[in-house]
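Each chain is listed here by its residues.
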Amino acid sequence: MTDPKTDANTMWGGRFASGPDAIMTAINASIGFDQRLYAQDIAGSRAHAAMLAATGILSPNDAEAIGQGLLTVLSEIETGKFTFRADLEDIHLNVESRLTEIVGEPGKRLHTARSRNDQVATDFRLWVRDQCDAAISSLTALMQAFVAQADKGADWVMPGFTHLQVAQPVTWGHHMLAYVEMLARDRSRFQDARNRMNECPLGAAALAGTSFPIDRAMTAKALGFDRPTANSLDSVSDRDFALEFLSASSICAMHLSRFAEELVIWSSAQFRFVRLSDRWTTGSSIMPQKKNPDAAELLRAKLGRILGATVALFTVMKGLALTYSKDMQEDKEQLFDAADTLMLSLAAMTGMVTDMTANRDTLAAAAASGFSTATDLADWLVRALGLPFREAHHVTGSLVALAEHKGCDLPDLTLAELQTAHSGITQEVYAVLGVQNSVRSRISYGGTAPDLVRAQVARWQATLK
């Protein structure tokens with residue numbers, strides 16, 4: 001059996017006379033987490049071998065043996081037959097070592113004209129690119145769930161809030177579509193990040209390029225990249241693509257957290273705006289009446305993990321001179337965890353939004369409370385009586401105070417009581433004090449009027465089809 005220390009030194013080269021200390025091996029090894037890059041690593045190696053053969057650097061027979069051997073390694077990993085070795089440090093050396101065991105001498109030629117520096121940069125880009133695609137797909141599904149809710153309740157009235165105080169009536173559909181807009185921006189951020197990262201570092205070698213006559217455009221095309229990266233120093237030291245993914249993930253998780261907070265509030269006994277299905281709630285070990293919105297609460301907290309990963313990678317990268325430093329090995333664990341957390345959060349939120357039921361009557365009653373049509377009254381005073389808005393604001397404020405003193409809402413005041421604030425108020429004012437009339441009047445583009453909401457629903461249904 002090959003001695004692990006001897007084998008590791010062989011992979012590094014001949015400079016070291018003895019193997020590393022056990023603690024150095026433990027801190028240096030990344031195979032415990034970067035084994036997740038196995039598919040990308042093998043795809044990159046197959047593309048590299050094919051290119052080496054096409055440029056005459058590698059014989060066709062050796063390239064064929066390498067290509068088939070790598071497929072064998074891939075099969076072993078996917079079927080659980082592969083043994084990952086910490087003494088071989090990372091996924092690259094683990095794959096190459098096993099390849100050489102399978103095909104012999106040709107396996108030792110695979111690493112010609114490349115370095116682990118450009119290899120890991122390529123593998124990591126491929127993995128993050130796949131995660132961008134997954135995020136885009138998951139966001140599309142969540143947007144469709146919100147659009148379905150908006151379609152169902154395009155004309156259902158509910159209170160709109162500022163400072164968590166009743167502000168003006170809006171429609172349920174309009175509120176749901178606000179999150180569609182947020183998620184659409186999230187989706188575009190992932191798409192933009194994907195577009196920017198879609199350049200291939202393979203061929204930059206350690207940092208300066210290579211003297212071999214390689215064809216970088218060939219490997220870039222084989223791996224689905226738009227083009228090779230243009231600067232070898234930047235190629236091996238860039239982690240902008242990972243930072244962009246994490247930044248987009250943090251913003252997206254923040255949006256999920258905001259709606260999770262609304263679900264926690266809305267599902268409470270004090271609000272009763274929505275009912276969450278049993279699939280996304282839990283009970284109490286001591287209080288039998290409880291139905292806790294645990295999934296929403298957990299989603300609210302997931303932002304902490306994703307944002308923490310973002311800050312961690314910024315901190316790793318902030319002080320690194322060009323080019324590659326071993327610090328950059330710390331780029332993956334946080335990103336892997338953040339990506340897993342984001343995908344889980346998107347799936348859970350999609351389930352909750354799909355399953356939730358709005359309590360239409362409760363929403364309508366809440367929309368009619370809290371003097372929510374005060375702004376409509378002020379606007380009517382401007383339109384019908386020609387008052388300056390600041391004077392109309394003052395008149396309306398005095399009527400709110402009167403209604404509050406009487407323990408009623410604005411529509412409950414008599415005409416005589418309304419005229420105590422301004423003698424010009426007529427019976428027509430009651431037409432604007434109802435919440436349905438209020439939402440129907442908000443006809444400016446982007447407003448909450450049901451017809452506008454239905455038009456936006458139709459637009460998004462077509463866009464997301």
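Below is a short write-up of the structure. (Residues numbered from 1 in each chain as written. Predicted model: local features only at pLDDT ≥ 70, side-chain atom pairs only at ≥ 80, totals over all residues. Heavy atoms only, no water.)

Another aspect to go through is the packing of aromatic side chains. The tally for this structure, following the rule as stated, stands at 14 aromatic pairs. Pairing Phe82 with Phe84 gives two aromatic rings, centres 4.8 Å apart and planes at 55°, and the pair type is tilted. Overall, Phe82 belongs to the buried group, its relative accessible area being 10%. Ring pairs connect the aromatic residues Phe146, Phe161, Trp172, Tyr179, Phe259, Trp266, Phe271 and Phe273, which therefore count as one cluster. Across from the ring centre of Phe336, 4.9 Å away, lies the NZ or CZ of Arg36, which sits over that ring. (Phe/Tyr/Trp six-rings, centres within 6.5 Å; stacked < 30°, edge-to-face > 60°. Buried < 20%, exposed > 50% of the residue type's maximum accessible area, 1.4 Å probe, protein only. Lys NZ or Arg CZ within 6 Å of the ring centre and 35° of its normal.)

The gaps left among the atoms become clear once a water-sized probe is rolled over them. By volume, the largest pocket is sized at about 500 Å³. Sorting the residues of the lining of the largest pocket by element identifies strand S1 (157–162), strand S2 (165–171), helix H9 (172–197) and helix H12 (240–266) as the ones contributing at least two each. When its residues are assigned to classes, the lining of the largest pocket shows 11 nonpolar, 7 polar and 4 charged. (1 Å grid on protein atoms, 1.4 Å probe; cavity = no way out; pocket = protein on both sides within 12 Å on 5 of 7 lines; lining within 4 Å. Points joined across faces, edges and corners; volume = space filled by probe spheres on them. Helix = DSSP H or I, 4+ residues; strand = E, 2+ residues; numbered from the N terminus. Nonpolar A, V, L, I, M, F, W, Y, C, P; charged D, E, K, R; others polar.)

The subject of this paragraph is the packing of helix H16 (residues 374–385) against helix H17 (residues 389–406). Between H16 and H17, whose axes approach to 8 Å, the crossing angle comes to 135°. One element, H16, and the other, H17, form an angle in the oblique class. Of the two elements, H16 crosses H17, and the hand of that crossing is right-handed. Along the contact surface, H16 presents Ala374, Leu377, Ala378, Asp379, Leu381 and Val382, while H17 presents Phe389, Ala392, Val395, Thr396, Leu399 and Val400. (Axes fitted to C-alpha atoms, helices over the stretch in contact; angles between N-to-C directions. Parallel < 35°, antiparallel > 145°, perpendicular 65-115°, else oblique. Left-handed = near helix turned anticlockwise from the far one by under 90°. Contact = heavy atoms within 4.5 Å.)

Sheet topology note: the S1/S2 ladder contains 6 bridges and is antiparallel. Looking across to S2, one finds that Phe161 is bridged to Val166. Hairpin connection of S1 to S2: 2 residues between the antiparallel strands, including His163 at a positive phi of 60°. (Pairing = 2+ DSSP bridges.)

Shape descriptors only; they carry no functional weight alone.
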